[in-house]
Number of protein chains: 2
Amino acid sequence: MSPARELEFWFDFGSPYAYLAALRLERLAAARELRIAWRSFLLGAIFHAQGWSDSPFNLYPAKGRYLWRDLERCSARLGLPFRRPSVFPRKGLLAARIACFHAQAPWLPDFVRAVYCANFEQDLDIAGTPVIGLCLAAAGADAGPIIEAAQSPESKEALRAQTEEAIRRGIFGAPSFMAGSELFWGNDRLEAALDWSAPAA
Amino acid sequence: MSPARELEFWFDFGSPYAYLAALRLERLAAARELRIAWRSFLLGAIFHAQGWSDSPFNLYPAKGRYLWRDLERCSARLGLPFRRPSVFPRKGLLAARIACFHAQAPWLPDFVRAVYCANFEQDLDIAGTPVIGLCLAAAGADAGPIIEAAQSPESKEALRAQTEEAIRRGIFGAPSFMAGSELFWGNDRLEAALDWSAPAA
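## Some thoughts on the pattern of salt bridges
Residues and elements named next belong to chain A.
Okay, step 1: Within the structure shown, the criterion is met by 36 salt bridges over all chains.
Okay, step 2: Close ionic contact of Arg169 with Glu8 constitutes a salt bridge, the shortest N to O distance being 2.9 Å. Residue Arg169 is found in the loop between α9 (153-168) and β3 (176-179), and its partner Glu8 is found in strand β1 (residues 5-11); the two are separated by 161 residues along the sequence.
Okay, step 3: Relative accessible area serves as the criterion here: at 27%, Arg169 is assigned to the partly exposed category.
Okay, step 4: With a shortest N-O distance of 2.7 Å, Arg32 and Asp195 are connected by a salt bridge. Within this pair, whereas Arg32 is found in the loop between α1 (16-30) and β2 (34-40), its partner Asp195 is found in helix α10 (residues 190-197), the two being separated by 163 residues in sequence.
Okay, step 5: Take Arg32: its relative accessible area is 19%, and that puts it in the buried class.

Right under this line is the structure:
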C-alpha cells in the first residue's frame, strides 16, 4: 500500500469561490482516498502585497458585476445554495486564526464549512465572535476556550507564518490547491487538482 | 423548428485561454446545432481603461508564473498542443481587424484557428504581415487584398466600435462568451455557455 496521499486546500473565508470548493472538497477527496490538509490564510495580505487595497472584484466594477452573476450560475450547476453577502469581502481573521491553530482537530472541517455557509448562504457576520461561536458549537467544539485562544500571540503568529508560506509557495488567490509543489488556483481547478493527486479509478 | 441559436465568441488573439477555447468551440457548438458569432476585440484597450499598462499576467509575477504551468496542464487535459510564445502578449491588431471586418466570411473560422495555432503552437510573430498572409492562405482566402483592406479607415473603425461594444456589454477579459445579455468569462466557462445557449440533448 502506498502512503495516504494528501491535497492541501488553501482558503480564505471571504472568498466565494473558496466556499464552492470547501463544500464539495471532502466528499470528492474521500472518493479517491485522498487526505485534505486544511490551510487557512489571509488573502487580503497577499492583495496588499500586490498593491491592491481591496478585492479585485470591488476594484474593477465590470469584474464585480460579473462575479455575482457567475456565482449564481456556478452554485446552481453544483447544486449548492448561494446568497450574495451584504458585506463583501467579510473579514475572516478570527475564523482563519482558529482554522490555522486547530488544523488537525477532528471538528475542523465541519467548522470551516459552517463558517462558509454562514457567510455565503445565511449572510451572517463571520467577522464577529457570536457567529463564530455558533459555528464552533455546530461543529461540536468548545467555543469559549477556542475563541479565547485565538487571541493568543501563538495563534496570531501561526496564521501570519502560514500566510507568508502561501506567498513563498506562489499562492496569489483563493481557493488554491497544492499537491506537493504543484499549484492549482480556483474552484474551477478542483477536479484537475484531485486528478493530479489521485487519478480517478 | 426553433430559429438557429447563436453564441457569441469574443476573443483577442494574444490570449492563451482564448486559444484553448477557439480550437474547441466550433465542434462543440455544432454538436448542439448552435451557431457561433465570431467577435474579435482588443483586450489591451480594456486593460488600459482599467489602468493596466500590460497583461495582468506580466504585472503580477506570481500570477504570471502560474499562467504558463496552468496552460501546460490545461492544454494536456484538452488534448491540444501548446508552446509558450517567446513574446507575450503578442499584438493581434492586424488579425483582429481582419477577423472583425470579415466576420461573416466562410474562411473566417479557419483563419482564426490558424492565427491562434501560429501564436500558441508554432511561436510565430502574428503581429506581422507575413504570418497573417500565411494564415489567410491556409484558410483559403485571398491574402493580398484582405491585408490591404485591413488598413482602411472602415476596417480600423469597425474594430474600434466592436471593442467599445465589448466594454459596453460588460466584457473585461478574454475569451468571453455571450448568449444574449448573459456573459461567461474564460475558457473554463465554455461548457456552461454552451449549456445556457443550447442544453445538451
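Okay, back to it.
## Here we look at the sheet that holds strand β3 (residues 176-179) of chain B
Hydrogen bonding along the main chain pairs the strands of a sheet, whether they run parallel or antiparallel.
Residue and element names in this part refer to chain B.
Okay, step 1: A sheet is described by the order of its strands in space; here four strands give the open sequence β2-β1-β3-β4, paired in mixed fashion. What marks the edges here is a single partner per strand, and that holds for β2 (34-40) and β4 (182-185). Taking the axes of each pair of neighbouring strands and ignoring which way they run, one obtains an average angle of 25 degrees across the sheet.
Okay, step 2: Where strand β1 (residues 5-11) lies against β3, three bridges are found, and the strand directions are antiparallel. The partner of Trp10 across the bridge, within β3, is Ser176.

## Structural notes on the relation of the copies chain A and chain B
Okay, step 1: Superposing chain A onto chain B takes a rotation of 180 degrees plus a shift of 0.0 Å along the axis, which leaves an RMSD of 0.0 Å. Read as a symmetry element, the transformation amounts to a two-fold axis. Identified as the residue of chain A closest to the rotation axis by C-alpha distance is Asp188(A), at 3.5 Å.
Okay, step 2: In this assembly, 100% of the residues forming the interface of chain A have copies in chain B that are likewise at the interface, indicating an isologous arrangement.

## Here's the deal with the state of the cysteines
All names here are of chain B.
Okay, step 1: Overall, the coordinates contain zero disulfides over all chains when judged by the stated rule.
Okay, step 2: Just so you know, Cys100 is unpaired, no disulfide at all, and the nearest cysteine sulfur is the one on Cys135, 18 Å from it.
Okay, step 3: Cys135 provides the cysteine sulfur closest to Cys117, a residue in no disulfide bond, and the two sulfurs are 8.5 Å apart.
Okay, step 4: Under the relative-accessibility criterion, Cys117 is labelled buried at 17%.

## Concerning the side chain of Asp123(A)
Residues and elements named next belong to chain A.
Okay, step 1: Checked against the element boundaries, Asp123 lands in the loop between α6 (108-120) and α7 (129-138).
Okay, step 2: From its side chain, Asp123 meets the backbone nitrogen of Ser86 in a polar contact 2.8 Å long.
Okay, step 3: Apart from residues no more than four positions distant in its own chain, Asp123 is found in contact with Arg83, Arg84, Pro85, Ser86, Val87, Arg90 and Ala118.

## Topic: the environment of Phe88(A)
Residue and element names in this part refer to chain A.
Okay, step 1: One can find Phe88 in the loop between α4 (61-78) and α5 (93-101).
Okay, step 2: Phe88 gets classed as buried once you look at its relative accessible area, which sits at 17%.
Okay, step 3: In this structure the C-alpha to C-alpha distance between Phe88 and Ser55, which are 33 residues apart in sequence, comes to 8.5 Å.
Okay, step 4: Non-local contacts of Phe88, meaning those with residues more than four positions away in its chain, are made with Gly14, Pro16, Ser55, Phe57, Asn58, Leu67 and Trp68.

Cut-offs applied
- Residues numbered from 1 in each chain as written.
- Chains lettered and ligands numbered in written order.
- Predicted model: local features only at pLDDT ≥ 70, side-chain atom pairs only at ≥ 80, totals over all residues.
- Heavy atoms only, no water.
- Salt bridge = Lys/Arg side-chain N within 4 Å of Asp/Glu carboxyl O.
- Helix = DSSP H or I, 4+ residues; strand = E, 2+ residues; numbered from the N terminus.
- Buried < 20%, exposed > 50% of the residue type's maximum accessible area, 1.4 Å probe, protein only.
- Pairing = 2+ DSSP bridges.
- Axes fitted to C-alpha atoms, helices over the stretch in contact; angles between N-to-C directions.
- Least-squares fit on C-alpha atoms with pLDDT ≥ 70 in both.
- Contact = heavy atoms within 4.5 Å.
- Disulfide = S-S within 2.5 Å.
- Polar contact = N/O pair within 3.5 Å; in protein donor to acceptor, adjacent residues only side chain to side chain.

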